[in-house]
Amino acid sequence: MFLLIVSIFLIILTTFLEKFKLGKIINFIVVYAIIFAIVGYVEFTPDKEFYIYWLYDTPESIEPFFRITADYLVKHEYAFPELQLFFTFIYTFLLLFLITRFSEKIFIISLLYVGTIFLFYVTQLRYFMGYYAICLGLYYLYVKKNYFTAALFMAFGIANHYGLVLFAVIIPFFYIKPDKLISRLFTVTVIVLGVTSILLLLGTTSFSQIRFVAYFFSELQSTFLGGLLTFLPYAGIVYMIYRLHIMVVNINPEILKDRKYIFLLIMSIANITLIGAALIIQVIGHRMIMTATLFQLLYVFYILPYFEKNEKFRLLAGFGGAIAFLYFYLYIFMDLILEKSNNDDIISVLKSSPVLNYFIL
């Protein structure tokens, strides 16, 4: 109840402050401080032991940014807590900076988004450092056409996680006409599923020396049914975004000339091309499909001004219901049907936070 009251108060406060220039800066600082305080100081994550090992015995194949960071921390006698602080400090800033490119609703969007991926957000340090950098790189590439800045962000992203090369699948969709988008999405989805299946059938022996291909096989693999259960709700959200796209284009066809709108549309739905691979290798879905919830939230808030008052209410109610169902599905339904869900790890992470223990727990 305490968290609910605080959340409502902050939503009201940040909505008021966003009307003023100074208020927008205050909002950014407050939201940044809240997220960082919760995720930066945790003393346990499921990947903690791996990161401790990598700090002192860094693998040759690991990405260069982590290697440089690990060398610096060890040299100056720092350990895992400082590693957690450093990475979450930077990528939380990148996340909020990315949100502010499209919306002033920084608190509600970050609250809903981080809530859907909390365990991954607090655990996968290398990936999220690179993920938000890659997304900013794509933003500067397509929206701003600032190729130098785009290249810097993309290089930084890949230097944090080689698996982010998968974003190469999304780039061509920026240059496809919207009326042909769904057919192209379906085609690429089938191709990705076919290629992934062939690679799995061939096995890992022939590809063991290729860093990118080996990435697929070094991650946790799952059954088809498990992948279907995990990612089916996200396919539903993608379909909802597509239907909203049709509605807003009917209201204002000129929106198709808005590069920010097209960017959010593509980033909201193009991730579904990887659902075929995610049904077999769940970690791809965790990193490429679940994380796209950010852009789906941004998309909805971005198109709100184009709707009349009553339509806005129905839109928010419908999408809000979808997000509520997603929370129910992730944290209640999956916990009921699986022998071991993520909830146990989430509780352990939260209990390990001295900030939460001081103020709440």
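Rules and cut-offs
- Residues numbered from 1 in each chain as written.
- Predicted model: local features only at pLDDT ≥ 70, side-chain atom pairs only at ≥ 80, totals over all residues.
- Heavy atoms only, no water.
- Helix = DSSP H or I, 4+ residues; strand = E, 2+ residues; numbered from the N terminus.
- Buried < 20%, exposed > 50% of the residue type's maximum accessible area, 1.4 Å probe, protein only.
- Contact = heavy atoms within 4.5 Å.
- Areas by Shrake-Rupley, 256 points an atom, 1.4 Å probe, with all protein chains shown as cover.
- Phe/Tyr/Trp six-rings, centres within 6.5 Å; stacked < 30°, edge-to-face > 60°.
- Core = buried A, V, L, I, M, F, W, Y, C linked by side-chain atoms within 4.5 Å.
- Polar contact = N/O pair within 3.5 Å; in protein donor to acceptor, adjacent residues only side chain to side chain.
- Axes fitted to C-alpha atoms, helices over the stretch in contact; angles between N-to-C directions.
- Left-handed = near helix turned anticlockwise from the far one by under 90°.
- Nonpolar A, V, L, I, M, F, W, Y, C, P; charged D, E, K, R; others polar.
- Expected span 1.5 Å × (residues − 1).

**Q** Help me understand the overall build of the protein chain, please; the structure alone is not making it clear to me.
**A** Secondary structure assignment for the protein chain yields 19 helices and 0 strands. For the protein chain, with 361 residues in total, the buried portion stands at 49%. Residue pairs at least 24 apart in sequence account for 75% of intrachain contacts in the protein chain once pairs closer than 6 positions are excluded. Accessible surface for the protein chain amounts to roughly 17900 Å². Of this, 69% is attributable to carbon and sulfur atoms.

**Q** Teacher, can you tell me more about the environment of Val300 here?
**A** Mapped onto the elements, Val300 comes out in helix α16 (residues 293–303). Measuring from C-alpha to C-alpha, the distance between Val300 and Leu264 comes to 9.4 Å, with 36 residues separating the pair along the chain. Once residues lying within four places of it in the same chain are set aside, the contact partners of Val300 are Ile241, Leu244, Leu315 and Phe319.

**Q** Even after reading the chapter, I still don't get the packing of aromatic side chains, so can you show me in this structure?
**A** Aromatic ring pairs: the centre-centre distance and the angle between the two ring planes describe each pair. Inspection of every chain in the model, using the stated rule, returns 42 aromatic pairs. With a centroid separation of 6.1 Å and 40° between ring planes, the pair formed by Phe50 and Trp54 is classed as tilted. Taken together, the positions of Phe50 and Trp54, both in helix α3 (residues 48–56) and 4 residues apart, correspond to about one turn of that helix. Between Phe93 and Phe97, the ring centres sit 6.1 Å apart and the planes meet at 10°, which makes this aromatic pair stacked. Of this pair, Phe93 and Phe97 both sit in helix α5 (residues 80–100), 4 residues apart, roughly one helical turn. Its relative accessible area of 38% is what places Phe93 among the partly exposed residues.

**Q** Sorry if this is basic, but what is going on with the nonpolar core here?
**A** As a rule of thumb, nonpolar side chains are buried together in soluble globular proteins. Counting 111 residues, the largest nonpolar core has Tyr132, Phe167 and Phe263 as its most contacted members. The element contributing the most residues to this core is helix α8 (residues 125–142), with 15 residues. In this structure, Phe263 is in contact with Phe102, Cys135, Leu138, Tyr139, Tyr142, Val143, Phe174 and Phe295, ignoring residues within four places of it in sequence.

**Q** Just to check I follow, could you spell out unusual backbone geometry for this structure?
**A** Outside of glycine, negative phi angles account for most residues, and trans bonds account for most peptide bonds. In this structure, Glu77 takes a positive phi of about 60° despite not being glycine. Topologically, Glu77 is positioned in the loop between α4 (64–75) and α5. Unusually for a residue other than glycine, Lys145 sits at a positive phi of about 55°.

**Q** Looking at this model, I keep getting lost on the side chain of Gln84. Mind explaining?
**A** Mapping Gln84 onto the fold places it in helix α5. Residue classification places Gln84 among the buried residues on the basis of a relative accessible area of 1%. Other than its neighbours up to four places away in sequence, Gln84 contacts Val39, Gly40, Val42, Thr45, Val122 and Leu125.

**Q** What exactly am I supposed to notice about the side chain of Thr273 here?
**A** By the secondary structure assignment, Thr273 is in the loop between α13 (259–269) and α14 (275–280). Thr273 sits in the buried class, given a relative accessible area of 0%. Separated by 2.8 Å, the side chain of Thr273 and the backbone oxygen of Ala270 make a polar contact. Beyond its immediate sequence surroundings of up to four residues, Thr273 is in contact with Val169, Phe173, Leu185, Val188, Thr189 and Val192.

**Q** Teacher, can you tell me more about the packing of α8 against α13 here?
**A** The packing of two helices is summarised by the inter-axis angle and the distance between the axes. Close contact between α8 and α13 brings their axes to 10 Å; oriented N to C, the two are set at 140°. Between α8 and α13 lies a crossing of right-handed hand. Where α8 abuts α13, its residues Cys135, Leu138, Tyr139 and Tyr142 lie against Arg259, Lys260, Ile262, Phe263 and Met267. Class assignment of the residues belonging to the contact of α8 with α13 gives a composition of 7 nonpolar, no polar and 2 charged.

**Q** Would you explain the environment of Ala159 in this entry?
**A** Structurally, Ala159 can be placed in helix α9 (residues 147–160). With 97 residues separating them along the chain, Ala159 and Ile62 place their C-alpha atoms 9.3 Å apart. Not counting the four nearest positions on each side in its chain, Ala159 is found in contact with Glu63, Pro64 and Phe65.

**Q** Please explain α9 as it appears in this structure.
**A** For an α-helix, the turn length of 3.6 residues means that residues three or four places apart are oriented alike. Compared with the 20 Å implied by 1.5 Å per residue over 14 residues, the 20 Å span of α9 between its first and last C-alpha is a close match. In this structure, the buried side of α9 is in contact with α4, α5 and α8.

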